[in-house]
Amino acid sequence: MAILLLLPDTKAEQLAGLLNKKLAGEDIRIWPETGRPEEIDVAVVWAHPHGALKNLPNLKLILSYGAGVDHIFNDPDLPVDVPICRFVADSLSRQMADYVSGVILNHRLRLIDYREHQAAGNWHPWMPRRGNKVTILGLGQLGQATARQLNTLRFDVTGWSRTAKTLDYCHTCHGQDMLTEAVCEADYVVCLLPLTEETRGILNGTLFSAMKKGAYLINVGRGDHLNENDLLDALYQGHLGGACLDVFSEEPLPSVSPLWRHPRILITPHIASVTDPENLADYVVQSFNALKQGSSLKHLVDRQVQY
Ligand code: GLV
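What you see is a predicted model, and the numbers here were worked out from it, not measured in a lab.

### Some points on the overall build of the chain
- The helix and strand tally for the chain stands at nine helices and twelve strands.
- On C-alpha atoms alone, the chain measures out to a radius of gyration of 21 Å, which is about the 19 Å that the 2.2 N^0.38 rule sets for 307 residues.
- C-alpha atoms of the chain, sized along the principal axes, occupy 65 × 45 × 35 Å.
- Going through the 307 residues of the chain one by one, you find that 48% of them count as buried.
- Counted over contacts in the chain with a minimum sequence separation of 6, partners at least 24 positions apart contribute 60%.
- Carbon and sulfur atoms form 51% of the exposed surface of the chain, whose accessible area is close to 15300 Å².
- The chain carries 28 positive and 35 negative side-chain charges, and their two centres are separated by 6 Å.

Laid out in C-alpha cells, this is it:
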C-alpha cells in the first residue's frame, strides 16, 4: 500500500518526514513522483492539481490536509466513489476559537484604535463597546468550539446551521428561513460555514441589510462566502461597523484589492486555524491503519452535502 502526498510548498516534504518515522517501512511518495499509479491507496491532498486523482486506479481514500474539503470538490475529475475524510483536531478548534474571541475582544476594547492614538501621542479613553451578541453561521467542529469559548467569555451566542442542532452553550436556529432571524440582533456575525453551492455568496448585501447598524462581520470560512463589493458598499454606507477577513476568493489577496486599504477592515493571511503537521501525521497514520484493518474511517465527508 502506498500513500501519495499532493501538497503545495514544503508541506509534502515535512509530512513525508513525519510519516516515514511514524509509519516506518511504509511507502510514502510525493507528487509528481507518483511511481506506478496502481500502487497508490491513499492520497493526502491540499489544492491538488485537478485530474491528478483520476489517474490513480486503486485509490481507496482521499484525506484533506485541512478542515475544509471544498478544494477537493473543485476538481471536476474527482473520482466518484472514493471516500473522502477531512482533518479534525483539537488544535484546529482551539486556534479558531482563540482567533474569533481575540478579534471580538480586540474590537470591543478598541485596541487597534488605541494603537493609532499611541502613534499620535493621543491620550483619549473610551468605554469598551457594549455589543454582547454573537451569531455564528456554521455549527461544525470549529463553529461549536468557538461558540463554547465565547459562551465561557459570557457572550450571548446564537448558532445557525443547515440542520437542527441543540447545544447547551448557545441558542440555535437552522435553515434558510431562519437566517435573517439569526443575524438581525447580532453585534458580531462570524462565518464558519463550509463552502458549498448553497453557501457560496451567503455574505451578501441582503444579509448585511438584515444585520443591525454597526454590526461587525468576521469571515473565517472561505473567501467565496463573501461578496466583497457588497461588503464595501455596506461599510461605505455606514451600515456595517467593520469587518475582519482571514480568507479571500483569491489568495494571496492581490495588492490592488481595495480591501487592503480600508480603514475598517482588518486583514489576516488565512491563519485563523492552521494545520499542525504533527497532528496531521497522527491522523494520516490512524486513517491508514483503519483502512488496512478494514475498520471504520473517522470524519468521513458526506458527498451529497459536500462536507
Ligand atoms: C483551512 O482553511 C482549512 O480548511 O483547514
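### Things to note about the site of the ligand
- The full set of residues close to the ligand is Trp46, Gly66, Ala67, Gly68, Arg222 and His270.
- Ala67 places a main-chain nitrogen or oxygen 2.6 Å from an oxygen atom of the ligand.
- Separating an oxygen atom of the ligand from a backbone N or O atom of Gly68 is a distance of 2.7 Å.
- Compared with its free state, where it exposes 200 Å², the ligand has 87% of that area covered by protein.

### Thoughts on the packing of aromatic side chains
- Scanning the entire structure with this criterion turns up three aromatic pairs.
- Seen in terms of ring centroids, Phe87 and Tyr283 are 5.2 Å apart; in terms of plane orientation they differ by 45 degrees. Their pairing is tilted. Of this pair, Phe87 sits in the loop between strand E5 (84–85) and helix H3 (90–109) while Tyr283 sits in helix H9 (residues 277–293), and the two are 196 residues apart along the sequence. Summarising the burial analysis for this pair, Phe87 and Tyr283 share the class buried.

### Thoughts on the packing of H3 against helix H5 (residues 141–152)
- Interaxial distance between H3 and H5 falls to 8 Å at its minimum, and their mutual angle equals 50 degrees. Compared by their axis directions, H3 and H5 come out oblique. For the crossing formed where H3 meets H5, the hand is right-handed. Taken together, the residues of H5 that come into contact with H3 (itself represented by Leu92, Ser93, Met96, Ala97, Asp98, Val100, Ser101 and Ile104) are Gln141, Leu142, Ala145, Thr146, Gln149 and Leu150.

### Observations concerning the pairing of strand E1 (residues 2–6)
- Within E1, five of the five residues are buried, which leaves it mostly tucked inside the rest of the structure.
- Going residue by residue along E1, you find Ala2, Leu4 and Leu6 tucked away on one face and Ile3 and Leu5 tucked away on the opposite face as well.
- Relative to strand E2 (residues 27–30), E1 runs parallel, the two being bridged by four bridges. Looking across to E2, one finds that Leu4 is bridged to Arg29.
- Handedness of the crossover is the feature at issue here: the chain leaves E1, passes through helix H1 (residues 11–22), returns alongside E2, and the resulting connection is right-handed.
- The pairing of E1 with strand E3 (residues 40–45) spans five bridges and is classified as parallel.

### Details of the layout of surface pockets
- In this model, the second largest pocket occupies a volume close to 360 Å³.
- Those elements that provide at least two residues to the lining of the second largest pocket are H3, helix H4 (111–119), strand E11 (240–245) and strand E12 (265–267).
- Residues of the lining of the second largest pocket, tallied by class, amount to seven nonpolar, four polar and five charged.

### Things to note about unusual backbone geometry
- Note that the residue after Trp31, namely Pro32, is joined by a cis bond; omega there is 10 degrees.
- In this structure, Pro32 sits in the loop between E2 and E3.
- Here the residue pair Glu251 and Pro252 is connected by a cis peptide bond, since its omega of -5 degrees sits within 30 degrees of zero.
- By the element assignment, Pro252 lies in the loop between E11 and E12.

### Focus on the sheet that holds E2
- Strand order in the open sheet made by the five strands is E2-E1-E3-E4-E5, with parallel pairing throughout. In this open sheet, the two strands that pair with only one neighbour each are E2 and E5.
- Those strands touched by H1 are E1, E2 and E3, and its axis lies near 175 degrees from that of E2.
- Across the face of the sheet, H9 comes into contact with E1, E3, strand E4 (61–64) and E5 while running at roughly 165 degrees to E4.

Conventions adopted
- Residues numbered from 1 in each chain as written.
- Predicted model: local features only at pLDDT ≥ 70, side-chain atom pairs only at ≥ 80, totals over all residues.
- Heavy atoms only, no water.
- Helix = DSSP H or I, 4+ residues; strand = E, 2+ residues; numbered from the N terminus.
- Rg over C-alpha atoms; globule rule 2.2 N^0.38 Å.
- Buried < 20%, exposed > 50% of the residue type's maximum accessible area, 1.4 Å probe, protein only.
- Contact = heavy atoms within 4.5 Å.
- Areas by Shrake-Rupley, 256 points an atom, 1.4 Å probe, with all protein chains shown as cover.
- Lys, Arg positive; Asp, Glu negative; His and termini not counted.
- Charge placed at Lys NZ, Arg CZ, Asp CG, Glu CD.
- Near = heavy atom within 4 Å.
- Polar contact = N/O pair within 3.5 Å; in protein donor to acceptor, adjacent residues only side chain to side chain.
- Phe/Tyr/Trp six-rings, centres within 6.5 Å; stacked < 30°, edge-to-face > 60°.
- Axes fitted to C-alpha atoms, helices over the stretch in contact; angles between N-to-C directions.
- Parallel < 35°, antiparallel > 145°, perpendicular 65-115°, else oblique.
- Left-handed = near helix turned anticlockwise from the far one by under 90°.
- Pairing = 2+ DSSP bridges.
- Right-handed = clockwise from strand over helix to strand, strands pointing away.
- 1 Å grid on protein atoms, 1.4 Å probe; cavity = no way out; pocket = protein on both sides within 12 Å on 5 of 7 lines; lining within 4 Å.
- Points joined across faces, edges and corners; volume = space filled by probe spheres on them.
- Nonpolar A, V, L, I, M, F, W, Y, C, P; charged D, E, K, R; others polar.

Distances and angles like these do not, on their own, reveal function.
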